[in-house]
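Survey of secondary and tertiary structure
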Amino acid sequence: MPHSLVPSLARSVGFAPLVPVWLLVTLAVLAAGVCVFALLRRTKGAFFRLAAMLSVLVWLAGPQRLHESWHVLPETALLLVDQSPSMSVGERAAIARQAASTLAQAHTEGLTLRTVTVRSSGHNGTRLFDALAQAAADVPPDQLAGAVMITDGQVADIPTGAGTASVPDRLRPTTPDGQRITLPLHVLLPAKSEETDRQLRILQAPPYAIVGQPVKLRIQVDDAGPGTTPGAQADITLRVNGDDPVIIPVRTGTPQDISLPVPHPGQLLVSLSVAPLEGEVSQLNNQSVTRITGIRDRLRVLLISGTPNQGERVWRRLLKADPSVDLIHFTILRPPDKDDGTPLSDLALIAFPVRELFQDKINQFDLIILDGFENRNILPHAYLNNIANFVRKGGGLLLTGGPEFVGPGTLQDTPVGDILPAHVPSESGLVEQRFRPKLTAEGRRHPVTAALPGAPPPSGAADTTQSISGEWGPWYRALRPDTTHGQTLMSGPDNAPLLVLDHVDQGRVALLLSDQIWLWSRGEGGGGPQAELLRRISHWLMKEPELEEEQLSAAIAGGELTVTRRSTAGAPLKSVTVTPPGSAAVSLNLHSATESADAKDDATGLSTGHMQADKPGIWQVDDGTHKAFAAPVQPDPQEFADLRATASHLNAVVSATGGGVFWTGENSASPTVPGLRLADGSTPHGADWMGFPHRNAHVVTGKSATPLLPAWMMLTLTLCLLFAGWWREGRRG
């Protein structure tokens, strides 16, 4: 009898004793004793009598044949249909849906097909084996027959290992007798055969780069598929922010370094594209866009303070807290005409390096801050002229004014006064009264003061001169200019200008007409956004792009282009020109953020527009003066890394399970789909069919029993044995 049938036979026989077990055991012991005694006496016929006793004991044990009625359970095969983004290439998604429909409609006796659709899983690629494990968890292990995957072969979670070690645990269940079996995994690929593809990868791109220094990108072009060889020449087209393209020859399969300049601070959109490979399946991964933000290297700031004052500490704390700022600070403890008997050695550790700062090295600074600086022949006329020329050539100058601005010999009467945006008269120029700083209409639109903490929300219908009483703390001293030019962002007593910004040739100047901003840092009357305001003013003077008065920005998210235009002018821009990659320019209408009834007075200076943008590459936006660039970000780059339909990635695990790989062709209306069957044998697939093993899963619906040894048969057997014993005893010899 084959070994595999023994457990089945053992389960089909049972016993139902006709007498109590203790009596049956007693009779067996007595019978054994009598037989032993007869054997010792060498009594003739003892063996026949022993056999007769055993037959009676067996009959009394009540052997029965047990019968079970079974209901065979259908087996379940999992059908996983890949509908991830990479399946959008060509007709793959339609072929997969049609193939799944054909398999679902096919009827195989004893086999059911459970369909699971797998879509994008975020940023981790297609995860079919995770979906297989989750779906198999809902199927009893003894009813799972195997799995079929309809996919392009670009799967991110393929198990690693060799042989059966690469087979997922769900496809290696344990049988009731403790043995592990391997269930087949079949793969259908929506293509005619192995495909070719060329891929451009950016291996390394720094997110930040120093303005004026070249930045290196590391890229690699890979060809994959039949007939491709590494080392072939390919041409890369490089374009920065929509500038003229540059052609760079490279070799496939080898990392390459590309150097490009960083001409200005702010975002640089770098577009790279490689020439297509003949016969490749798609060019979606032949291009890539990376973003690099240009930053200045260690901004150098010169802070000159006049007589020590409360605001000096505010400036030092603000500038020292910025790790990108190199601060040089000098305080004028005593003007030359003041003599109080204090030795110079007690006033300064080093001599004031006037010549080094204001002649030899002045052009090395990005920003000069004069805080309460009183010009009493401290700086010669030539050095003050150097400061003015420093601004005209592109530098930044910030002045905070107090009582030292009133009277003869102030900075207004020097070459510096020629670049100042306001003039303060000697008489009635100083106002000492309690007031709360206010934002002007232009201040609500200018990025330096727009949306400052504590400021009222922008509203086109709001009174632009409304005081912010109760939100910003009061100041008690300010200068009242008689003339101003530039942009007045804040006002002081009687709506007089308080903060004025201006462009001077290539440079910039900011004038704060009060020396009491430090009161906000002390929390006077509730305080105010002192640190944020000073930070914005400083960065505006150093030409940070996000603080420009006239800005045009563009961004693409979720397949939509959003264009934002900021302007300090009262009348908002109505439209911009959008140029999609490789297409003709189109016009995009902009709408004011506040939709003010008076179009000439936009309270925020912001206007936006939206349009669909699902085309890869750099999009250009132009308002006639400014240009902005945007590029869509692929939600799952791993999905588009390799766009081939290929069996190379899944071959190992499919072979380990004994499954098969089938190509459906490229006809989405009638793909070539193999049949399904339950198959016995070592080969679970053929040229046009996919097989699954019989698992013999069942449930017992009933049980019955019949005597294994009928009474008449046992009585006849016992009498025959007793007669044989009597006959043997009666013979001689």
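Predicted model, so just to flag it, every value in this text is computed and none were measured.

**A word on the pattern of salt bridges**
- Enumeration over the complete set of coordinates arrives at 15 salt bridges.
- Across the pair Arg201 and Asp222 runs a salt bridge, and its minimum N-O distance is 2.9 Å. With Arg201 in strand S7 (residues 197-204) and Asp222 in strand S9 (residues 215-224), this residue pair connects regions lying 21 residues apart in the sequence.
- Among the residues examined, Arg201 registers a relative accessible area of 31% and is labelled partly exposed.
- Of the residues examined, Asp222 reaches a relative accessible area of 18% and is grouped as buried.
- Here Arg218 ties to Asp257 by a salt bridge, and the two come within 2.9 Å at their closest N and O atoms.

**Comments concerning the environment of Leu132**
- Residue position: Leu132 is located in helix H5 (residues 128-136).
- The residues touching Leu132, leaving out its near neighbours within four places in the chain, are Leu78, Leu80, Ala147, Met149, Pro168 and Leu171.

**Examining unusual backbone geometry**
- With a phi angle near 60 degrees, Ser428 is a residue other than glycine that sits in the positive phi range.
- You can see Ser428 is positioned in the loop between strand S19 (422-423) and strand S20 (430-431).
- The residue Asp505 is not glycine, and still its phi comes out positive at about 50 degrees.
- Locating Asp505 in the fold gives a position in the loop between strand S25 (497-504) and strand S26 (507-512).

**Brief notes about the pairing of S25**
- For S25, the buried fraction is high: seven of the eight residues fall into the buried class.
- Inspection of the sheet shows strand S24 (residues 487-491) paired to S25 by four bridges, in the antiparallel sense. Along S25, the bridge assignment pairs Ser491 with Pro497.
- The antiparallel hairpin formed by S24 and S25 contains five residues in its connecting segment, where Asp494 sits at a positive phi of about 55 degrees.
- Here S25 pairs with S26 via six bridges, running antiparallel. By the bridge assignment for S26, Leu499 is matched with Leu512.
- Between S25 and S26, which follow one another and run antiparallel, lie two residues, and Asp505 among them has a positive phi close to 50 degrees.

**Regarding the sheet that holds S25**
- On the basis of which strands lie adjacent, the open sheet formed by eight strands has the order S16-S15-S17-S18-S26-S25-S24-S21 and mixed pairing. The open sheet is flanked by strand S16 (325-331) and strand S21 (438-439), the only strands paired with a single partner.
- Alignment of strand S17 (residues 367-371) against strand S18 (residues 396-400), held across five bridges, turns out to be parallel. The partner of Leu370 across the bridge, within S18, is Leu399.
- Contacts from helix H9 (residues 381-392) reach S17, S18, S25 and S26, with the element oriented near 120 degrees to S26.

**Describing helix H4 (residues 92-105)**
- For H4, with 14 residues, the first-to-last C-alpha span of 20 Å sits near the 20 Å given by 1.5 Å per residue.
- The set of residues buried in H4 consists of Arg92, Ala93, Ile95, Ala96, Ala99, Ala100 and Leu103. End-on, the buried residues of H4 take up no more than an arc of 160 degrees, which puts them together on one face.

**What about helix H12 (residues 530-541)?**
- Over its twelve residues, H12 extends 17 Å from the first C-alpha to the last, a length consistent with the 16 Å expected when each residue adds 1.5 Å.
- H12 sits mainly inside the fold: nine of its twelve residues count as buried.
- Every buried residue of H12 is accounted for by Gln530, Leu533, Leu534, Arg536, Ile537, Ser538, His539, Trp540 and Leu541.

**Notes on a nonpolar patch on the surface**
- There is a patch of nonpolar side chains on the surface, built from Val13, Phe15 and Leu708 and spanning about 270 Å² of accessible area.
- The exposure class of Val13 is partly exposed, given its relative accessible area of 31%.

**Description of the side chain of Arg695**
- Here Arg695 shows up in the loop between strand S37 (689-692) and strand S38 (698-707).
- Here Arg695 is buried and forms no salt bridge, its nearest opposite-charge partner Glu75 lying at an N-O distance of 6.1 Å.
- One polar contact links the side chain of Arg695 to the main-chain carbonyl oxygen of Leu144, over a distance of 2.6 Å.
- Those residues in contact with Arg695 that lie beyond four places of it in its chain are Glu75, Pro141, Asp142, Leu144, Pro173, Ile181 and Leu183.

Reading the values: the criteria
- Residues numbered from 1 in each chain as written.
- Predicted model: local features only at pLDDT ≥ 70, side-chain atom pairs only at ≥ 80, totals over all residues.
- Heavy atoms only, no water.
- Salt bridge = Lys/Arg side-chain N within 4 Å of Asp/Glu carboxyl O.
- Helix = DSSP H or I, 4+ residues; strand = E, 2+ residues; numbered from the N terminus.
- Buried < 20%, exposed > 50% of the residue type's maximum accessible area, 1.4 Å probe, protein only.
- Contact = heavy atoms within 4.5 Å.
- Pairing = 2+ DSSP bridges.
- Axes fitted to C-alpha atoms, helices over the stretch in contact; angles between N-to-C directions.
- Expected span 1.5 Å × (residues − 1).
- Arc of directions from axis to C-beta.
- Patch = residues over 30% accessible without salt bridge, like charges linked within 9 Å, V, L, I, M, F, W, Y side chains within 5 Å.
- Areas by Shrake-Rupley, 256 points an atom, 1.4 Å probe, with all protein chains shown as cover.
- Lys, Arg positive; Asp, Glu negative; His and termini not counted.
- Polar contact = N/O pair within 3.5 Å; in protein donor to acceptor, adjacent residues only side chain to side chain.

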